[in-house]
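Take a look at the letters that make up each chain.
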Amino acid sequence: MAVLKVKFTKTKRDKLAQILWILNWVSVVSGIILFSLGLFLKIEIKKRNEVMAKGDVNSVPNMLISVGVIACIINFLGGKICYDCSDANKFSRWKLVMVPYIVCTFCFTFCILLGALMCYTMRNELEESLYLGLRDAVKFYKDTDIPGRCFLKKTVDMLQIGFRCCGNNGFRDWFEIQWVSAHYLNMASKEVVDRLKSNVDGKFLVDGVPFSCCNPSSPRPCIQYQLTNNSAHYNYDFLTEELNIWMKGCREALLDYYTSIMRSIGIAALLIWLFELSVLIGVRYLQTAMKNVLLLGDLEGESDGWLLENSFVETAKYNINIIKNLGKANQISTVSGMTDPNIDIQNTNCGKANVTTKSMPAA
């Protein structure tokens, strides 16, 4: 029994073909949108590539870019097919192509759904990449004279100013590393020498942060050094007073930024998937309706269209049997006692008992 069978007249078939022709061109635009969204996300990730560790963070934009390009190609071909399907004679040229086209389009729509779901599952990979990348960027902040790292100070400062953040997890990350270059330390100062000697690794650690952590909206002048020393500042208590530096870590700020982008892209991809799926259903109805018209031989008459010719269970069993029997067509069983039911061998009796012979007349 056919699934979701619908009866089509010639007028309905022609209107369906025209509507699908228009929708396929709209789908080409949706493919361009997917391509643009993937390219935008790839560029945004590329902008902060210096503070990200190498990983699979580019898998989502690459998927969207690929799906967008394929969407333009498939829907362009689909528009041509639907335009020709309004004429039964032209449909004959596409008759053998329709089923493979529908199968490929179904796989393509599944890729769109997969790309949309990846936008919501990418957060963990992105968080790990940001954590490792920012950790190294903060660590090498002071290396302004080392090739390959000299740009990190500017990158981190611009990042902290632009995203209103400080450090990797928070401003205390700067307390655990030496972020002041040795070129700018006065080795003749007893305080500097004592601080270097007091650290096991010989690092110059201070309870201070770079200037880019300062909040310009604060009415008080920025306190970026001796943040935990109440006696170093007038009328100051770092435990009770709200510090005039950014409190949020850059990892959290960047993660929120990219999560909001991917959530928006995921919603757009889901809507495009639903639209592509509806177009695919329409193409399936058109294909079955036109095929039945050719079988009936009445090009002006009514015909049935459906999604599946048999029920879901029967269709599933049929396809499973096809998969199971792949490669078995040319195999012959050699098991003793088993015969092939497709071969009918007739035995002939070669005995002479039933053969009549003519006797020779006596001379």
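The rules we used
Residues numbered from 1 in each chain as written. Predicted model: local features only at pLDDT ≥ 70, side-chain atom pairs only at ≥ 80, totals over all residues. Heavy atoms only, no water. UniProt positions renumbered as here; feature names shortened; annotations may be inferred. Helix = DSSP H or I, 4+ residues; strand = E, 2+ residues; numbered from the N terminus. Expected span 1.5 Å × (residues − 1). Buried < 20%, exposed > 50% of the residue type's maximum accessible area, 1.4 Å probe, protein only. Arc of directions from axis to C-beta. Contact = heavy atoms within 4.5 Å. Core = buried A, V, L, I, M, F, W, Y, C linked by side-chain atoms within 4.5 Å. Domains from an automatic or database assignment.

S.K.: How do you make sense of the UniProt feature "transmembrane region" (unreviewed entry) in the chain when you look at a structure like this?
M.R.: Per the UniProt entry, the sites bearing "transmembrane region" (unreviewed entry) are residues 20-40, 60-78, 98-120 and 265-286 in this numbering. Along residues 98-120, the helical share is 100% and the strand share 0%, with 34 Å between the first and last C-alpha atoms.

S.K.: Would you take a moment to explain helix H5 (residues 152-163) for this structure?
M.R.: Given 3.6 residues to a turn, an α-helix orients residues that are three or four positions apart in the same direction. The first and last C-alpha atoms of H5 sit 16 Å apart over 12 residues, in line with the 16 Å expected at 1.5 Å per residue. Burial in H5 covers these residues: Leu152, Val156, Asp157, Leu159, Gln160 and Phe163. Relative to the axis of H5, the buried residues are bounded by an arc of 160° and lie together on one face. Set apart from the buried face of H5 by more than 90 degrees, the exposed residues are Lys154, Met158 and Gly162. Buried-residue contacts for H5 involve helix H4 (123-139) and helix H7 (250-296). Once H5 finishes, Arg164 follows within two positions and takes phi at roughly 50°, a positive value.

S.K.: I keep staring at the nonpolar core and nothing clicks. Help me out?
M.R.: Of all hydrophobic cores here, the largest spans 80 residues; its most connected members are Trp174 and Val209. Sorting the residues of this core by element identifies helix H1 (10-47), helix H2 (59-84), helix H3 (88-121), H4, H5, helix H6 (190-198) and H7 as the ones contributing at least two each. No other element matches H7, which puts 18 residues into this core. Looking at which domains feed residues into this core, each of domain 1 (2-137 + 252-322) and domain 2 (171-247) gives three or more.

S.K.: What is the right way to look at H4 in this model?
M.R.: With 17 residues, H4 extends 24 Å between its outermost C-alpha atoms, agreeing within 8% with the 24 Å of an ideal straight helix rising 1.5 Å per residue. Along H4, the residues classified as buried are Leu126, Ser129, Leu130, Gly133, Leu134, Ala137 and Val138. What you see down the axis of H4 is that its buried residues fit within an arc of 145°, all on one side. In H4, the exposed positions angled more than 90 degrees off the buried face are occupied by Asn124 and Glu128. The elements touched by buried residues of H4 are H5 and H7.

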